[in-house]
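Here are the chains, one letter per residue:
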Amino acid sequence: MVTTKKMILSQQTLGLDFVRKVEALADTSVRSCFQCGKCSAGCPMASFMEHPPNRVIRLLQLGQWQTLLADRSIWYCASCETCSTRCPNKVHIASIMDALRKLAWDADGPSKETFVQIADKLFLQNIRTYGRQYEMRLAALFNIKSGQFLKDLMLGPKLLAKGKLKLLHKKNKNLPEIEKIFKRIEAMRKNKEAL
Ligand code: SF4
Ligand code: SF4
């Protein structure tokens, strides 16, 4: 009985630590939500999510963050910010979704939607290396990393023929400026994590 009580208490502590981390990253309050549901009512992606925005917040409040990190709901969020705009308590849910994606990412892919993480990483790698999107490289590396070697293979020649894909890409001349943006974001993240 005592052991069970201790386990519940330590889970609650861990849950609170996690909520604090999310609040620091998202710069908003998870604990202010009173479950009115206005966020989910306006969310264009709610019908695809196992846990719509208000439930995401409730699970956080209940310390069930592992459920969220392993769930695909956070990856369906389109960052449209409708939820944040509608919230009467100024809970910035879009930023919370961002923070959860980051934490799921740092936890090295416990999410069901690991393909989203692969695509995300490759997308950003391309921007950082070329200063623009390089679709051919993105598609080829995505197929290799996701183990779907033949995915959409027949589309490649058609898109090349129509000029929608290019074999080679020049780097964007503003690449040094883009690198500065990445560095600035990394510094901001480090500062938030240190809080
Ligand atoms: S930001 Fe995400 S969670 Fe919020 S309304 Fe848009 S899709 Fe839904
Ligand atoms: S709109 Fe705000 S207060 Fe209402 S459920 Fe969503 S997060 Fe909570």
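As the structure is a computational prediction, the values presented were derived from the model and not from experiment.

K.L.:
Got a minute to help me understand the overall build of the protein chain in this structure?
P.N.:
When you go through the protein chain residue by residue, the secondary structure sums to eleven helices and zero strands. Helices (α) and strands (β) of the protein chain occur, in sequence order from the N terminus, as α-α-α-α-α-α-α-α-α-α-α. Burial statistics for the protein chain: of 195 residues in total, 22% are counted as buried. Of all intrachain contacts in the protein chain linking residues separated by at least 6 positions in sequence, the fraction that spans at least 24 positions is 64%.

K.L.:
Explain the site of ligand 2 here, please?
P.N.:
Neighbouring ligand 2 are 16 residues; C33, C36, C39, N54 and C87 lie closest to it. Breaking the shell around ligand 2 down by element, the ones donating at least two residues are α2 (38–42) and α3 (53–61). Split into classes, the residues belonging to the shell around ligand 2 amount to ten nonpolar, four polar and two charged.

K.L.:
Explain helix α8 (residues 114–130) here, please?
P.N.:
Its 17 residues place the ends of α8 24 Å apart at the C-alpha level, agreeing with the 24 Å of an ideal helix rising 1.5 Å per residue. Taken from the residues just after α8, G131 is the one with a positive phi, measuring 80°.

K.L.:
Explain the site of ligand 1 to me, please; I cannot follow it from the model alone.
P.N.:
Close contacts around ligand 1 come from 14 residues, with C43, C77, C80, C83 and A94 the closest. Tallying contributions element by element places helix α7 (residues 93–106) first for the shell around ligand 1, with three residues. Looking at side-chain class alone, the shell around ligand 1 contains eleven nonpolar, two polar and one charged residues.

K.L.:
Hey, could you run me through unusual backbone geometry in this one?
P.N.:
The phi angle of most residues is negative, glycine excepted, and most peptide bonds adopt the trans form. Backbone geometry at Q35 places phi at a positive 60°, although glycine is not the residue there. Along the chain, the position of Q35 falls in the loop between α1 (2–26) and α2. Judged by C-beta crowding, with 12 C-beta atoms within 10 Å, Q35 ranks as exposed.

K.L.:
Got a minute to help me understand α3 in this structure?
P.N.:
An α-helix turns once every 3.6 residues. As a result, residues three or four positions apart point the same way. By the burial criterion, the buried members of α3 are P53, N54, V56, I57 and L60. With its buried residues spanning 160° around the axis, α3 presents them on a single face. G63 sits one or two positions beyond α3 and adopts a positive phi of about 80°.

K.L.:
Any chance you could explain the environment of Q61 here in plain terms?
P.N.:
Mapping Q61 onto the fold places it in helix α3. Residues in contact with Q61, not counting those within four places in the same chain, are V30, R31 and C33.

K.L.:
What exactly am I supposed to notice about the environment of N89 here?
P.N.:
Within the element layout of this structure, N89 appears in the loop between α6 (82–86) and α7. In this structure, the C-alpha to C-alpha distance between N89 and S29, residues 60 residues apart in sequence, is 9.0 Å. Setting aside chain neighbours within four positions, we find N89 in contact with S32, C33 and F34.

K.L.:
In this structure, what is going on with the packing of α8 against helix α9 (residues 135–146)? I would like to understand it.
P.N.:
When two helices pack together, you describe them by how their axes are tilted relative to each other and by the distance separating the axes. Interhelical geometry of α8 versus α9 gives an angle of 145° and a closest axis separation of 10 Å. Both α8 and α9 take part in a crossing whose hand is right-handed. Along the contact surface, α8 presents F115, I118, A119, L122, F123 and N126, while α9 presents R137, L138, L141, F142, K145 and S146. In the contact of α8 with α9, the residues fall into eight nonpolar, two polar and two charged.

K.L.:
Teacher, can you tell me more about the nonpolar core here?
P.N.:
Considering soluble globular proteins, one finds that nonpolar side chains tend to be buried as a cluster. V22, L60, I93, I96 and L100 are the most contacted members of the largest nonpolar core, which has 28 residues in total. Tallying contributions element by element places α7 first for this core, with seven residues. If near-sequence neighbours (up to four positions away) are discounted, L100 is found in contact with V22, L68, L69 and I74.

Rules behind the numbers
- Residues numbered from 1 in each chain as written.
- Chains lettered and ligands numbered in written order.
- Predicted model: local features only at pLDDT ≥ 70, side-chain atom pairs only at ≥ 80, totals over all residues.
- Helix = DSSP H or I, 4+ residues; strand = E, 2+ residues; numbered from the N terminus.
- Buried ≥ 20, exposed ≤ 12 C-beta atoms within 10 Å, placed from the backbone.
- Contact = placed C-beta atoms within 7 Å.
- Near = placed C-beta within 6 Å.
- Nonpolar A, V, L, I, M, F, W, Y, C, P; charged D, E, K, R; others polar.
- Expected span 1.5 Å × (residues − 1).
- Arc of directions from axis to C-beta.
- Axes fitted to C-alpha atoms, helices over the stretch in contact; angles between N-to-C directions.
- Left-handed = near helix turned anticlockwise from the far one by under 90°.
- Core = buried A, V, L, I, M, F, W, Y, C linked by C-beta atoms within 7 Å.

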